[in-house]
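Close look at the chain arrangement
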Amino acid sequence: MAEASGLQFERAAGLSDVAHGFFGSAGGRDQYGFGGPGDPAAIAGLRARAAHAIAPGAVPVLPHQTHSSDVLTVTQAWPDEAEGRPRGDALVTAQRGLALGVVTADCGPVLLADPSAGVIGAAHAGWRGAHGGVLAHTIAAMEALGAQRNAITAAIGPTIAQLSYEVDAAFKAHFGPREEAHFRPAPERAGKARWHFDLPGYIRAILARERIGEIFDCARDTYSNPERYHSYRRVSQVEEPVYGRQISLISLG
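In what follows, the accompanying structure is described. Not measured: the values here are computed from a predicted model.

Things to note about the pattern of salt bridges
Here the structure, examined in full by the defined rule, presents 11 salt bridges. A salt bridge links aspartate 80 to arginine 47; its shortest N-O distance comes to 2.7 Å. Taken together, the residues aspartate 80 in the loop between strand 5 (71-73) and strand 6 (90-93) and arginine 47 in helix 1 (residues 40-54) connect sequence positions 33 residues apart. Arginine 47 shares its class with aspartate 80; the two are buried. Between lysine 172 and glutamate 180 there is a salt bridge; the shortest N-O distance is 3.0 Å. Judged by relative accessible area, which is 40%, glutamate 180 ranks as partly exposed. Salt bridges here are not isolated pairs; linked through shared partners, they connect Glu10, Arg220 and Arg228.

Notes on the pairing of strand 7 (residues 98-104)
Counting buried positions along strand 7 yields 7 of 7 residues, so the element is predominantly enclosed. Relative to strand 7, strand 4 (residues 59-61) runs parallel, the two being bridged by 3 bridges. Along strand 7, the bridge assignment pairs proline 60 with alanine 99. In this sheet, strand 15 (residues 246-251) lies alongside strand 7 in antiparallel orientation, the contact comprising 6 bridges. Among the inter-strand pairings, alanine 99 is bridged to a residue of strand 15, identified as serine 251.

So, the environment of arginine 194
Within the element layout of this structure, arginine 194 appears in strand 13 (residues 192-197). For arginine 194 and aspartate 168, which are 26 residues apart along the polypeptide, the C-alpha to C-alpha distance reads 4.8 Å. The contact partners of arginine 194, leaving out residues within four places of it in the chain, are Glu166, Val167, Asp168, Pro185, Ala186, Pro187, Glu188 and Arg189. Reaching out from arginine 194, the side chain makes a polar contact with the side chain of glutamate 166 at a distance of 2.9 Å.

Details of the sheet that holds strand 12 (residues 183-189)
Taken together, the 3 strands give an open sheet; going across it, the order is 11-13-12, and neighbouring strands pair in antiparallel fashion. What marks the edges here is a single partner per strand, and that holds for strand 11 (166-167) and strand 12. In this structure, strand 11 lies alongside strand 13, joined through 2 bridges in antiparallel fashion. Bridge assignment links valine 167 to a residue of strand 13, and that residue is tryptophan 195.

Section: the packing of aromatic side chains
Summed over all chains, the structure comprises 14 aromatic pairs. Relative to phenylalanine 197, the ring of phenylalanine 175 lies with its centre 5.1 Å away and its plane at 40°, an arrangement referred to as tilted. On the criterion of sequence distance, the pair formed by phenylalanine 175 in the loop between helix 4 (169-172) and strand 12 and phenylalanine 197 in strand 13 is long-range, its members being 22 residues apart. Each of the two residues, phenylalanine 175 as well as phenylalanine 197, counts as buried. By the ring-pair criterion, three or more aromatic residues cluster together here, those being Trp127, Tyr165, Phe171, Phe175, Phe183, Phe197 and Tyr202. One Lys or Arg, lysine 172, reaches over the ring of phenylalanine 183 and ends 5.3 Å from the middle of that ring. The residue whose ring lies beneath lysine 172 is tryptophan 195, and the NZ or CZ to ring-centre distance is 5.2 Å.

Let's talk about the side chain of serine 69
Positionally, serine 69 belongs in the loop between strand 4 and strand 5. Excluding residues that lie within four positions of it along the chain, serine 69 makes contacts with Gly129, Gly132, Gly133, Val134 and His137.

Thresholds, definitions, all that
Residues numbered from 1 in each chain as written. Predicted model: local features only at pLDDT ≥ 70, side-chain atom pairs only at ≥ 80, totals over all residues. Heavy atoms only, no water. Salt bridge = Lys/Arg side-chain N within 4 Å of Asp/Glu carboxyl O. Helix = DSSP H or I, 4+ residues; strand = E, 2+ residues; numbered from the N terminus. Buried < 20%, exposed > 50% of the residue type's maximum accessible area, 1.4 Å probe, protein only. Pairing = 2+ DSSP bridges. Contact = heavy atoms within 4.5 Å. Polar contact = N/O pair within 3.5 Å; in protein donor to acceptor, adjacent residues only side chain to side chain. Phe/Tyr/Trp six-rings, centres within 6.5 Å; stacked < 30°, edge-to-face > 60°. Lys NZ or Arg CZ within 6 Å of the ring centre and 35° of its normal.

In C-alpha cells, the structure reads:
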C-alpha cells in the first residue's frame, strides 16, 4: 500500500515504471464519483488530490461513464465537473501531465501501458462493457497512438469476485459457450437456477485473447471488503439509496 497527498492507494507490480494507483474508500471516508454522496466540488478536489498523489502536477481526466465500449483519445484535459464531461468508458493518451481515470463500484478498472511507446490507457470494464468490446477497443486505440500490442501491460484493480457475484439465467443468456468457464453453479434461489460469474476472470480472458504482453490482477474483492472498497451490489442488497465509487488512475507523469 502506497500513500501520498494523505491518500492510500495500491499499485500493480507490472506497472512499476508507470505512475498509477488504485484508490479505495478508506473505510468509507473517500468517495470519488459524481452522482454518489458528497458535494461535487469536494469530490473534484479529492480526484485532483488522487491525481497529484500518483504524479505531482497531473490533471485528472475522467469520462462520463455509461457502460459502453466507447474509447476517447485524450490530447488535453477537460474540466473535471459533474456535468459536461465527454461520454465513454475508456481513455487513451500519449500526452504527459494527464492522469487518466475511471471510477468503479464492483466493475473492473483496467489500467494499461506501453512505457516504451509512451502510451497509456484506462478502461471501465463492467460485464456490459467487457462483453461489448471496451478492452479490445482500448488496445486498438493505444496502437493508433504508437503502442505495440505485445508491449502493453494491463493491471486489473479491485473488482467484485466470483463468489460474491451471483447471477440468474437471464444474465447468463448474454454469454455463449466460450464463456461457460466463467460461470460456477450456485444454490437455487426461489426455485430458480443461479450461478457465480467470474468478472475478473472474464476480463483476463479477453486481455489474453488480445495478445498483449502481460496481465496482472490485484485480486481484491470489492463486495467482501467494506472497510476498503465501495460496492454497488453490497449496498443494493441492504436497500441503501446511494453508493460511492473508488478511482483508478494512470499517468505518464
